[in-house]
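A closer look at the structure
Listed below, chain by chain, are the residues.
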Amino acid sequence: MILPSASPVSLVLGLAAAVAYALPALFSQGMRPSASRIALIAAWLLHAAVLTWTLLAEPPRFGFAPALSITAWLVLTVYAVESRLFPQMRARWALAGLAALAVLLALVFPGTPLHVQSSPWLPLHLALGIASYGLFAAALVHAWLMTRAQKRMRLAVDPQSGMPLLALERLTFRFVTAGFVLLTATLAAGLYFGETLYGRAWRWDHKAVFSVLSWLTFAVLLLGRARFGWRGRTALRWLYIGSALLLLAYVGSSFVLEVVLGRSV
């Protein structure tokens, strides 16, 4: 099986973005905060450029790796805004490392061309789905920060070095709620407008099954929090399960189709 290769422009931009991300990820202790910030901004801009080039190319490509790359870029965008509002947030090195890996993965697996006969509304549908991915990924980042804060509190290690636990919890579930709304809209569009978007009606394939299971999991999580006040490990467990199911829905299914079976999505 011959895998599709990235275009020369995508390759140059992607490698430059990966290197810029790697600098604050690998040398976070030795770099000055200003230099680390400049490297991250440059990487973010280069990442945006390679995404734009890939999605606007002729023909535009999309797949599991570009979806992960866009998700990483969205999470970093959220982090950039939040770090201005909450300077205590300290996840720059981890997010930069994950973004570098996502960019490199998209260079190796640039996706398959979108069908020419696809509906002009298809990009909007894909954007809704990827936006929900980004919001749930942001929720996972905050959940990780919550877990780290709880461990630091138990060990009595510099409790003032990060965001307050309650603030992290509120932000986590705001992202979960927003992601759930977009996921609902994505599934509703696929269910009621499948023939318009994809030229076929809704069908219960692996992607649909995992998407609905993730939607049900997040619905139970939000209901449990509103009705029973779920917090801590119980809430995070449901968040992790729902996110894993959502990851399998598109990224997992597309990986099998593109890489294992060598077919277009």
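Each remark here, short or long, concerns the structure printed above.
A quick note: this is a predicted structure, and the numbers were derived from the prediction, not measured. (Residues numbered from 1 in each chain as written. Predicted model: local features only at pLDDT ≥ 70, side-chain atom pairs only at ≥ 80, totals over all residues. Heavy atoms only, no water.)

1. With respect to the overall build of the chain
Which entries qualify depends on this criterion: Each helix is a run of DSSP H or I of at least 4 residues and each strand a run of E of at least 2, with the numbering of both proceeding from the N terminus. Contacts are assigned to residue pairs that have any heavy atoms within 4.5 Å of one another. Surface accessibility in these figures is a Shrake-Rupley result with a 1.4 Å probe; residues are shielded only by whichever protein chains are displayed.
In terms of regular secondary structure, the chain is built from nine helices and two strands. Sequence-ordered secondary structure for the chain, helices as α and strands as β, is α-α-β-α-α-β-α-α-α-α-α. Within the chain, residue pairs in contact and separated by at least 24 positions form 78% of the contacts whose partners lie at least 6 positions apart. As displayed, the chain offers around 14500 Å² of accessible surface, 71% of which is attributable to carbon and sulfur atoms.

2. Quick word on helix H2 (residues 33-56)
Every α-helix carries 3.6 residues per turn, so stepping three or four residues along brings you back to the same face. Under the convention used in this document: A helix's residues, less one, multiplied by 1.5 Å, set its expected span. Only protein chains enter the calculation, and the probe is 1.4 Å; a residue is then buried if its accessible area is under 20% of its type maximum, exposed if over 50%, and partly exposed in between.
Between its terminal C-alpha atoms H2 stretches 34 Å, which fits the 34 Å expected from 24 residues at 1.5 Å a residue. If you check which residues of H2 are buried, you get Ser36, Ala39, Leu40, Ala43, His47, Ala48, Val50, Leu51 and Thr54. Residues of H2 that are buried make contact with helix H1 (8-26), strand E1 (61-62), helix H3 (64-85) and helix H4 (92-108).

3. Quick word on the environment of phenylalanine 255
Here phenylalanine 255 is to be found in helix H9 (residues 232-260). Taking the C-alpha atoms as reference points, phenylalanine 255 and glycine 111, separated by 144 residues in sequence, lie 9.4 Å from one another.

4. Points about the environment of isoleucine 41
With respect to the helices and strands, the residue isoleucine 41 is situated in helix H2. Judged by relative accessible area, which is 45%, isoleucine 41 ranks as partly exposed.

5. Quick notes on the packing of aromatic side chains
Worth spelling out the cut-off: For Phe, Tyr and Trp, where Trp contributes only its six-membered ring, two rings pair if their centres lie within 6.5 Å, and the inter-plane angle classes them as stacked under 30 degrees, edge-to-face over 60, or tilted in between. In this analysis the charged atom, NZ for Lys or CZ for Arg, is taken to sit over a ring once it is within 6 Å of the ring centre and within 35 degrees of the ring normal.
Tallying each qualifying case throughout the model produces eight aromatic pairs. Both rings, one in phenylalanine 62 and one in tyrosine 250, keep their centres 5.9 Å apart while their planes meet at 40°; by these two values the pair is tilted. With phenylalanine 62 in strand E1 and tyrosine 250 in helix H9, the pair connects residues that are 188 residues apart, well separated along the chain. With centroids separated by 3.9 Å and ring planes inclined at 10°, the aromatic side chains of phenylalanine 136 and phenylalanine 218 adopt a geometry described as stacked. A residue pair is termed long-range when its members are at least 10 positions apart, and phenylalanine 136 in helix H5 (residues 122-155) and phenylalanine 218 in helix H8 (residues 206-228) qualify at 82 residues. Per residue, the accessibility class of phenylalanine 136 equals that of phenylalanine 218, and both read buried. An aromatic cluster is present here, built from Phe64, Phe109 and Phe255 joined pairwise through their rings. Over the ring of tryptophan 144 we find arginine 148, and its NZ or CZ is 4.9 Å from the ring centre. Across the ring face of phenylalanine 173, the terminal group of arginine 225 is positioned such that the distance to the ring centre comes to 4.0 Å.

6. Regarding the nonpolar core
Counted only if it meets this: Throughout, nonpolar core names a set of buried Ala, Val, Leu, Ile, Met, Phe, Trp, Tyr and Cys residues whose side chains join them through atoms within 4.5 Å.
Core analysis: the largest hydrophobic core is formed by 62 residues, its most contacted members being Tyr21, Val176, Phe218 and Leu239. At the level of secondary structure, the elements contributing two or more residues to this core comprise H1, H2, H3, H4, H5, helix H6 (165-192), H8 and H9. If one sorts the elements of this core by residue count, H5 sits on top with 14 residues. With residues near it in sequence (within four places) discarded, valine 176 still touches Phe136, Ala139, Phe218, Leu221, Leu222 and Leu239.

7. Side note on the pattern of salt bridges
It is possible for side chains of opposite charge to pair when their charged atoms get near one another. Heads up, the rule is: For salt bridges, the criterion is a side-chain nitrogen of Lys or Arg within 4 Å of an Asp or Glu carboxyl oxygen.
Per the counting criterion, the structure on display carries two salt bridges. In this structure, glutamate 169 and arginine 225 form a salt bridge, with 3.7 Å as the shortest nitrogen-oxygen distance. Here glutamate 169 is found in helix H6, whereas its partner arginine 225 is found in helix H8, with 56 residues between them in sequence. Arginine 231 is paired through a salt bridge with glutamate 169; the nearest N and O atoms lie 2.9 Å apart. Here the residue arginine 231 occupies a position in the loop between H8 and H9, and glutamate 169 occupies one in helix H6, the gap between them amounting to 62 residues. Taken together, the salt bridges that share partners define one network made up of Glu169, Arg225 and Arg231.

8. Description of the packing of H2 against H3
Basically, it comes down to this: Between N-to-C directions, angles cover 0 to 180 degrees, with each direction set by a line fitted to C-alpha atoms, over the stretch in contact for helices. Helix crossings fall into two classes, left-handed where the near helix is turned counterclockwise from the far one by less than a right angle and right-handed where it is turned clockwise. Throughout, the ten residues Ala, Val, Leu, Ile, Met, Phe, Trp, Tyr, Cys and Pro are labelled nonpolar, Asp, Glu, Lys and Arg are labelled charged, and all others, Gly among them, are labelled polar.
Interaxial distance between H2 and H3 falls to 10 Å at its minimum, and their mutual angle equals 145°. The way H2 lies across H3 gives a crossing that is left-handed. Contacts between H2 and H3 pair Leu40, Trp44, His47, Ala48, Leu51 and Leu55 from the former with Ser69, Ile70, Ala72, Trp73, Leu76 and Thr77 from the latter. Per-class residue counts for the contact of H2 with H3 are nine nonpolar, three polar and no charged.

9. Focus: the environment of tryptophan 93
Position of tryptophan 93 relative to the elements: it lies in helix H4. In this structure tryptophan 93 comes out as partly exposed when scored by relative accessible area, which is 43%. In sequence terms tryptophan 93 and serine 36 are 57 residues apart; their C-alpha atoms lie 9.2 Å from each other.

Honestly, that's just the spatial picture; any functional story needs more than this.
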